[in-house]
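Remarks on the overall topology
Each chain, letter by letter, is given below.
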Amino acid sequence: MAQHSRKGAQVQAVTANRLTDGVVVYLTPQNGWSPSLQDAEIAEGKEAAEALLARGQTFFEPGNFVLDVYLFEVERTEAGIRAASVRETIRQAGPTVRVDLGKQAELEGVHA
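These remarks concern the structure in this document.

Conventions used here
Residues numbered from 1 in each chain as written. Predicted model: local features only at pLDDT ≥ 70, side-chain atom pairs only at ≥ 80, totals over all residues. Heavy atoms only, no water. Helix = DSSP H or I, 4+ residues; strand = E, 2+ residues; numbered from the N terminus. Contact = heavy atoms within 4.5 Å. Buried < 20%, exposed > 50% of the residue type's maximum accessible area, 1.4 Å probe, protein only. Pairing = 2+ DSSP bridges.

In terms of helices and strands, the protein carries three helices and six strands. Listed by position from the N terminus, the elements making up the protein come as β-β-β-β-α-β-β-α-α. At a minimum sequence separation of 6, the contacts of the protein that also span at least 24 residues come to 57%.

Turning our eyes to something else, we now look at the pairing of strand 2 (residues 24-27). The two faces of strand 2 match: Val-24 and Tyr-26 on one face and Val-25 and Leu-27 on the other face are all buried. The turn linking strand 1 (residues 11-18) back onto strand 2 is made up of five residues, and Gly-22 within it adopts a positive phi angle of 80°. Where strand 2 lies against strand 3 (residues 33-34), two bridges are found, and the strand directions are antiparallel. Across the sheet, residue Tyr-26 finds its bridge partner in strand 3, namely Ser-34.

As structure tokens, this is what we get:
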């Protein structure tokens, strides 16, 4: 399982991908998963983060609901919670692939 936060990160959340459709989700205080980072439970400090991660990992057991459960660093802002890294900001926003550019555009003519 991946760890995508700086060593010593103080404020973290748990993320994963929903197994049914691959959507990025965040562990909530109610032990559910939400596609909105604003619903995520935030852990402050190493011990709280480890406990939060352990809770998230229980969804990885039989009856798998999520895949690739890990901690990542977040920041609190006036606008709400935001990912501290570019990687997590991209994951939060969704796929960045445009089918009209690159290999996808080249294949469009093949499948038409």
